[in-house]
Amino acid sequence: MSNSQNTMWGGRFAAGPDAIMQAINASISFDQRLAAQDIAGSQAHAAMLAAQGIITDNDAAAIGQGLLTVLSEIEGGTFEFVTELEDIHMNVEARLRDLIGAPAGRLHTGRSRNDQVAVDFRMWVRDQCDAAIAGLRSLQLGLLDQAEEGADWVMPGFTHLQVAQPVTWGHHMMAYVEMLGRDVSRFQDARARMNESPLGAAALAGTSFPIDRDATAKALGFDRPSANSLDAVADRDFALEFLSAASICAMHLSRFAEELVIWSSAQFRFVNLSDRFSTGSSIMPQKKNPDAAELIRAKIGRILGATVGLFTVMKGLPLTYSKDMQEDKEQVFDAADALMLALAAMDGMVRDMSANQDALRSAAASGFSTATDLADWLVRVLDMPFRDAHHVTGALVALAETKGCDLPDLTLADMQGVHADITDAVFGVLSVENSVASRTSYGGTAPVRVGEQIAAWRERLATSG
């Protein structure tokens with residue numbers, strides 16, 4: 001083993017850790033994903049040290065060039081990660097020393113691995129917020145295309161998974177646009193809160209060197225340095241917020257995935273999913289399984305599990321840093337990967353799927369879906385109290401069930417047998433098309449309202465950064 005591969009403890013311990021201690025202590029197997037952020041943080045720190053006269057310009061230049069070489073080796077797949085060096089920070093620093101010699105030892109002046117990992121991880125999670133936002137906006141655009149194509153296609157709206165009232169396909173798609181819009185805002189809010197730099201907090205108390213934390217914060221794209229050195233190294237709220245937002249987002253994706261599973265079944269036939277996002281059966285040749293939707297539906301388990309896991313890690317830790325906090329990254333990495341894969345798969349499914357307009361309309365016209373329209377007509381035209389209208393409508397539904405037909409199929413005589421004042425004008429409100437067209441309240445399912453919301457969202461997405 002070369003000198004650069006010796007453990008960092010120097011003469012403190014006579015013997016190195018055994019294999020078990022090394023295995024539990026090392027994090028390089030997963031925190032190597034922080035390499036780009038670690039090198040960016042070191043570049044900013046070295047430049048600041050030189051600007052403050054803490055190290056020489058020559059040393060800073062050598063460090064900067066050496067770090068670029070290390071980054072190119074990592075990106076090119078030629079870098080050898082060494083478990084004995086524990087983490088990404090020591091692996092990079094050891095390779096830097098191999099490349100440039102003594103100046104590498106000056107890089108760690110005025111900082112600790114505690115603030116180093118805090119800034120690396122914060123930058124990585126910040127990047128993941130940006131990636132999630134981009135993925136969500138792409139999915140929203142796909143949903144808008146679906147909504148626009150079927151803005152006036154009638155389909156059943158459900159409560160308790162029972163036919164409730166007619167709505168439009170466009171209105172249903174726009175419901176998910178709204179949900180995903182809230183997800184975007186959550187990631188944006190989390191990103192804004194996490195955008196403070198912990199670099200310069202050092203181990204926990206700050207440093208006696210005349211560092212410029214504002215300069216490093218600006219260089220790394222942060223709004224400001226964190227105000228308390230203890231909190232800076234102890235905080236993982238940013239990761240918890242990301243996981244919380246990811247969990248809510250994954251829940252929304254899971255709900256939509258569940259609908260796609262139901263809608264693509266032979267019993268519903270509401271949508272056709274493309275072959276690209278479906279699989280066949282090894283034994284039943286007629287099967288077309290919505291596997292992508294089912295796997296998206298399952299991702300919430302992994303993501304929520306990571307959220308609960310990190311909350312559990314953090315809940316009992318006194319200030320400031322404890323080694324427990326090394327258990328933060330794998331869960332966040334896994335959740336971020338799962339979320340981005342789910343977003344990409346859902347985006348592909350939405351853009352490829354086609355709605356079956358005839359099946360949607362047929363289902364919308366079943367199950368007495370215009371019963372509420374009938375009750376509203378009794379209130380509006382006959383000036384009947386709503387509770388009385390509800391009772392009369394219930395009696396008419398029962399009559400239709402007995403006759404084996406739907407409400408529009410009852411005769412005027414049938415209806416007048418329940419309430420004598422009903423006129424043939426009632427049939428004007430019993431079609432599903434008239435039902436959806438009448439729901440013109442703000443946020444309602446009327447095609448004109450749906451069109452307005454589509455236009456408003458297209459403008460919002462076009463002007464968002």
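Structural data are supplied above this passage.
Residues numbered from 1 in each chain as written. Predicted model: local features only at pLDDT ≥ 70, side-chain atom pairs only at ≥ 80, totals over all residues. Heavy atoms only, no water.

### Observations concerning the overall build of the chain
Here is step 1 of the chain: Scanning the chain from terminus to terminus reveals 18 helices and 6 strands.
Here is step 2 of the chain: At 31 Å, the chain has a C-alpha radius of gyration far larger than the 23 Å of a compact globule built from 465 residues.
Here is step 3 of the chain: Its C-alpha atoms give the chain principal-axis dimensions of roughly 100 × 50 × 40 Å.
Here is step 4 of the chain: Expressed as a percentage of the 465 residues in the chain, the buried residues total 49%.
Here is step 5 of the chain: Here the chain displays about 21,500 Å² of accessible surface, and carbon together with sulfur accounts for 53% of that area.
Here is step 6 of the chain: Placing the 38 positive and 59 negative side-chain charges of the chain at their respective mean positions leaves the two points 2 Å apart. (Helix = DSSP H or I, 4+ residues; strand = E, 2+ residues; numbered from the N terminus. Rg over C-alpha atoms; globule rule 2.2 N^0.38 Å. Buried < 20%, exposed > 50% of the residue type's maximum accessible area, 1.4 Å probe, protein only. Areas by Shrake-Rupley, 256 points an atom, 1.4 Å probe, with all protein chains shown as cover. Lys, Arg positive; Asp, Glu negative; His and termini not counted. Charge placed at Lys NZ, Arg CZ, Asp CG, Glu CD.)

### A short note on the packing of aromatic side chains
Here is step 1 of the chain: Taken as a whole and judged by the stated rule, the model has 10 aromatic pairs.
Here is step 2 of the chain: With centroids separated by 5.6 Å and ring planes inclined at 50°, the aromatic side chains of Trp169 and Trp263 adopt a geometry described as tilted. Of the two residues, Trp169 is situated in helix α7 (residues 169–194) and Trp263 in helix α10 (residues 237–263); the sequence distance between them amounts to 94 residues. Each member of the pair Trp169 and Trp263 is classed as buried.
Here is step 3 of the chain: For the pair Trp263 and Phe270, a centre-to-centre distance of 6.2 Å together with 45° between the ring planes defines the contact as tilted.
Here is step 4 of the chain: Assessed through its relative accessible area of 3%, Trp263 is described here as buried. (Phe/Tyr/Trp six-rings, centres within 6.5 Å; stacked < 30°, edge-to-face > 60°.)

### Some thoughts on the pattern of salt bridges
Here is step 1 of the chain: Per the counting criterion, the structure on display carries 23 salt bridges.
Here is step 2 of the chain: Close ionic contact of Arg122 with Asp235 constitutes a salt bridge, the shortest N to O distance being 2.6 Å. Remark: Asp235 occurs in the loop between α9 (229–234) and α10 and Arg122 occurs in helix α6 (residues 113–149); sequence separation between them is 113 residues. Taken as a pair, Arg122 and Asp235 share a single burial class, namely buried. (Salt bridge = Lys/Arg side-chain N within 4 Å of Asp/Glu carboxyl O.)

### Quick word on α6
Here is step 1 of the chain: Its 37 residues place the ends of α6 54 Å apart at the C-alpha level, agreeing with the 54 Å of an ideal helix rising 1.5 Å per residue.
Here is step 2 of the chain: By the criterion of burial, α6 is predominantly enclosed, with 27 of the 37 residues buried.
Here is step 3 of the chain: Put simply, Ser112 is the residue that caps the front of α6, since its side-chain oxygen is 3.0 Å from the backbone nitrogen of Asn114. (Expected span 1.5 Å × (residues − 1). Polar contact = N/O pair within 3.5 Å; in protein donor to acceptor, adjacent residues only side chain to side chain.)

### Comments concerning the pairing of strand β1 (residues 154–159)
Here is step 1 of the chain: With 6 bridges joining them, β1 and strand β2 (residues 162–168) adopt antiparallel strand pairing. The residue bridging Met155 from the neighbouring strand is Val167, located in β2.
Here is step 2 of the chain: The antiparallel hairpin formed by β1 and β2 contains 2 residues in its connecting segment, where His160 sits at a positive phi of about 55°. (Pairing = 2+ DSSP bridges.)

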